[in-house]
Structure formats: C-alpha cells, structure tokens
Amino acid sequence: MNERPVVVVIGAGFAGLTAARTLRGVAADVVLVASRNYHTFQPLLYQVATAALEPEEIAHAVRGIFQRQRNLRFRLAAVTGVDFAASTIAVRSGPPVRFDYLILAAGADVAYFDVPGAAEHALPLKSLEDAVLLRGHVIRQFEAASTDPALIDAGVLNFVLVGGGPTGVEMAGSLVEWFDRVIARDFPSIDIRRARVIVVEALDRLVAPFDEQLRRYTFATLQRRGVDIRLGEAVTRVEAETVALKSGEAIPTRTVVWTAGVRASHLADALGVSQGRGRRITVEPDLSIPGHPRVFVAGDLAASTDAAGQPYPQLAQVAIQTGRHAARQIVKLLAGAPTERFVYKDPGIMAVIGRGAAIAQFPFGLRLTGFPAWLVWLFLHLMYLVGFRNRLNVLINWAWNYFTYDRSARLIMELSRPKETDHEP
Ligand SMILES: Cc1cc2nc3c(=O)[nH]c(=O)nc-3n(C[C@H](O)[C@H](O)[C@H](O)COP(=O)(O)OP(=O)(O)OC[C@H]3O[C@@H](n4cnc5c(N)ncnc54)[C@H](O)[C@@H]3O)c2cc1C
C-alpha cells in the first residue's frame, strides 16, 4: 500500500514547475496536473508573434522536463474545482485526483475589463496559439494590402496595441523592426511607411513600474523608431474594423492587440474562496489559503502581499519564488515544522524596446538603458529558458536576426484558439 503523502501541483507555468522541482527527492508522491502538456516561456511570446522566434523554441514538454524526477507523475487534465472537504481535485474528464497537500498555480487569463467588443475582436497574447495566430493575422494584413492597396486607406495596416506596459512596448518595438527590415522586403509593392503601430495607454506614462528616467528613454526610443504613442487615452470599444478611443477618435484597424492586463485564472472563481484584486486568491503570509493550511497558492493566481499589504506583481520571478516557497512549506509541514512568511527578493525588472535597446531596473539604484541593458536582457532570458536545445536554438536565431536583419519562418498557420481545457486527452 502506498503510504506516502500525495502532493498535487496544478499548473506547469513558472510557479508550478518550480514547486514540482523543489519537491524532487522529498518522501512524497508528486502529481503535476496541467491543462497543456508543455511549459510556455511567456516573456518571449511577443517574439513568436513578430516572427523573431518559432513557437517550439519557447516551449518545453513537461514530461521531458521531469524525465528524471522519480517521485513525479504528470497528468494532462484541466482542473475544474477543488473539494476541500474530500481533499480531491475535479478534472474535466476522468476521475478526481486525491491530495494530502495541494499547490494551486494555474496562472492568469486575459482581462478585457468589460470593454465592449474587446473579447470578440481584440487579439490576446497569452498562449503560443495566440502568438501564432497574431503572427499570421499581421502577415495577412500585408497580403490584403498588396492585393488591394485601397485597403491601406481603410486602415488595414494600422496595428493598435492596447496597453503601454512592458508587453505592449516590447511588441511595438518588435513590430516596427519586423516591418522596416523584413516585411518591407517581402512586400516591395507596399510603401512600408504607411504601416502604423499605435500604442494606446490609459495612464500618462509607458512602462509604469519603471523609474522616470527609464520611462522617458522608452518613450523617446519608441517614438524615434516610428511608434505612435497615445498616453492618457483609453479604448472604449473594439469593432471588427475600428477601435474607438475615449477622446472620441476612431482608428480604422483590423488589428487590436490586447496587452492591457490579466486576471487570475477562471479556476479561482470555481473554488469558493476569498479573492482579491484581479480575482487573485487571498492567501496567508505563508501562501496557504485561509482555513486550508495544506493548500497553497503560487504565481499569478495568488494575491500574495508584502508585510505592508502591498500585492506582489504578476511576474515570472514572483511565480518562481512563490512556487519554491509553497513547496518548501509542504516539506516543513511533512517534517512537523511550522511554516514561514513568504518574502519576495526582487532581482529587478527589465523590458526590451528593440534591437540594441532595453531598460533594466535593478536593486540598489542600478539602472541600465540601451545596448548594455539589451545584452543583460538577452543573457537572462536565455538562462531562464527551459532546455539546452531551446537555449541554443534561440541563441542561433537571435544571432542570425541580429546580423542578417532577417526573421524566422513567416508562416500563416490556420489554428483555432483553443479553450484552456481543450488539450486534455
Ligand atoms: C505576453 C507576456 C509577457 C510577459 N513578460 C514578462 C516579462 O518580461 N517578465 C516577467 O517577469 N513576467 C512576464 N510576464 C508574466 C509572467 O509570464 C507570469 O507572471 C508568469 O508566467 C506566471 O507564472 P504562473 O506559473 O503563475 O502561471 P503561468 O505561467 O501562466 O502557468 C499557468 C499554468 O497553469 C495551467 N493551467 C491553467 N488553468 C488550468 C486548469 N484549469 N487546470 C490545469 N492547469 C491549468 C496552464 O496550462 C499553465 O501550465 C509576461 C506575461 C505575458 C502573458
């Protein structure tokens, strides 16, 4: 009979993967349940969407990652709920999974903030499918413009990015480069200056989490590279061929990319537990759910806060550290020891604006811009990519892109956007 306690980890993102790895060698059976059979490195999704990288280069099969972890079993399943009294999780198809300890790390979903038409017409950037669809969609607009140049006047080459946070900025920088260096050569009949990248940001600043000096650098760099930046401006409605702004302006476009925000995974709504801002699950200082000391929450799903009650941001590093902390608390409980408060060690934040241009904000006031920041960004992103093969491929691709100004395969692939539950066997 199996006497070992069962630790179930839900989600194979940064938080779930780190939690599962931290439990390696622990005298417990770990069951990792995720709705996709691979881990996605979300910070590089925009590079797939702009044909700088191929989808496979930023993803890794979960079974491959854990080949050597003897105490771990993977289950491809979409979790639909948790029965706290029975200590089981319900999955969409198949029998429930029993747990003694549970780590919830199902991440976040796109938040459209009830903007009319956004969910129907805007293009999200949250999954690999989103990125591949967006890449194909963008190329298709140029194909349409080359077939019928009158469509350019109708806004077919206007690309509107909603949200001037790091993702919107990275996407904008990469789009203009792709257009100027590659699309211009692919479509010689189109005057590339007619393609417009427009960033709409409701705040009066881009990349709000960064210091003013870095924000100014970002604004000036993007503007110099031809991005049209609208600050203090909000999207009020999205339609199939136009986007309406708070100021009353309507921009004709078929491409509205939604990078404006996320909310906790919809799984959170099904649990009957307390939720905070962005529907994130309220947690105790040790990351357990109030009243459920053997259930922990990590990553984007958790409303973890610092000692002053300030929520930690939804970032990869927070996910990694909360995942590790949750797993360590379970090891403590298994040993009969008390749990500890989670304290985030902020390693800094970075964003890339384009070729040779990035911003980096590190602890102790260290700030970098331009080429040095870009090099540090490249190095750190390579380091955190899962799998040696991915790292090597990405490095080769980046070097190729840098020296040849080329981009990888620019394929239009007909996919349909799946639901989070559609990957189950
Ligand atoms: C486009 C983009 C760019 C970003 N750029 C940066 C950046 O530059 N730097 C940075 O620090 N952060 C960045 N982030 C944020 C960062 O990626 C997230 O904070 C991080 O991925 C959160 O990790 P997580 O493990 O909580 O969730 P995720 O990585 O989202 O993983 C969630 C996991 O849960 C699974 N799952 C979801 N629902 C279910 C379910 N019902 N049942 C079973 N499994 C389920 C998913 O399949 C997935 O495996 C970016 C995010 C996006 C979308």
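Our structure's up above, just so we're on the same page.
Here the structure is a predicted model, which is why all the values come from computation and not from measurement.

Caption draft 1: Spatial organisation of the site of the ligand. Surrounding the ligand, one finds 27 residues, the nearest of these being Ala12, Ala15, Val79, Asp300 and Ala316. The backbone of Ala15 places a nitrogen or oxygen atom 2.9 Å from an oxygen atom of the ligand. Between a nitrogen atom of the ligand and a main-chain N or O atom of Val79, the distance comes to 2.8 Å. Elements that contribute at least two residues to the shell around the ligand include exactly helix H1 (14-22) and helix H9 (316-334). Partitioned by chemical class, the residues of the shell around the ligand number 15 nonpolar, 8 polar and 4 charged.

Caption draft 2: Quick peek at helix H5 (residues 128-147). If you check H5, its first and last C-alpha atoms are 29 Å apart, about what 20 residues at 1.5 Å a residue would give, namely 28 Å. Counted residue by residue, H5 has 16 buried out of 20 residues, so it is predominantly covered.

Caption draft 3: Quick peek at the environment of Pro293. Relative to the helices and strands, Pro293 is located in strand E22 (residues 292-297). Residue classification places Pro293 among the exposed positions, given a relative accessible area of 55%. Each C-alpha atom of the pair Pro293 and Gln329 lies 10.0 Å from the other, and the pair is 36 residues apart in sequence. Excluding residues that lie within four positions of it along the chain, Pro293 makes contacts with Ser288 and Leu333.

Caption draft 4: Geometry of the packing of aromatic side chains. In the structure shown here, the tally under the stated rule is 13 aromatic pairs. When the ring of Phe142 is compared with that of Phe179, the centres are 5.0 Å apart and the planes differ by 65 degrees; the resulting orientation is edge-to-face. One end of the pair, Phe142, is in helix H5; the other, Phe179, is in helix H7 (residues 166-186), and 37 residues separate them in sequence. For Phe142, a relative accessible area of 0% puts it in the buried group. Take Phe179: its relative accessible area is 2%, and that puts it in the buried class. In textbook terms, an aromatic cluster arises when at least three aromatic residues are bridged by ring pairs, as seen for Phe142, Phe159, Trp178, Phe179 and Phe187. The ring of Tyr101 has Arg294 lying over it, and the distance from NZ or CZ to the ring centre is 6.0 Å.

Caption draft 5: Inspection of the sheet that holds strand E26 (residues 367-369) at higher detail. Spatial strand order, E24-E25-E26: 3 strands in an open sheet with antiparallel pairing. Where the open sheet ends on each side, the last strands, each with one partner, are strand E24 (349-354) and E26. This sheet shows a mean twist of 10 degrees between the axes of neighbouring strands, independent of strand direction. For E24 and strand E25 (residues 357-361), the ladder comprises 5 bridges, and the chain directions are antiparallel. Pairing of Ile349 across the sheet is with Gln361, part of E25. On top of the sheet, helix H8 (residues 212-224) reaches E24, E25 and E26; it is set at about 170 degrees to E25, its chief contact. Packed onto the sheet, helix H10 (residues 370-384) meets E24, E25 and E26 and runs at close to 115 degrees relative to E24.

The rules behind each value
- Residues numbered from 1 in each chain as written.
- Predicted model: local features only at pLDDT ≥ 70, side-chain atom pairs only at ≥ 80, totals over all residues.
- Heavy atoms only, no water.
- Near = heavy atom within 4 Å.
- Polar contact = N/O pair within 3.5 Å; in protein donor to acceptor, adjacent residues only side chain to side chain.
- Helix = DSSP H or I, 4+ residues; strand = E, 2+ residues; numbered from the N terminus.
- Nonpolar A, V, L, I, M, F, W, Y, C, P; charged D, E, K, R; others polar.
- Expected span 1.5 Å × (residues − 1).
- Buried < 20%, exposed > 50% of the residue type's maximum accessible area, 1.4 Å probe, protein only.
- Contact = heavy atoms within 4.5 Å.
- Phe/Tyr/Trp six-rings, centres within 6.5 Å; stacked < 30°, edge-to-face > 60°.
- Lys NZ or Arg CZ within 6 Å of the ring centre and 35° of its normal.
- Pairing = 2+ DSSP bridges.
- Axes fitted to C-alpha atoms, helices over the stretch in contact; angles between N-to-C directions.

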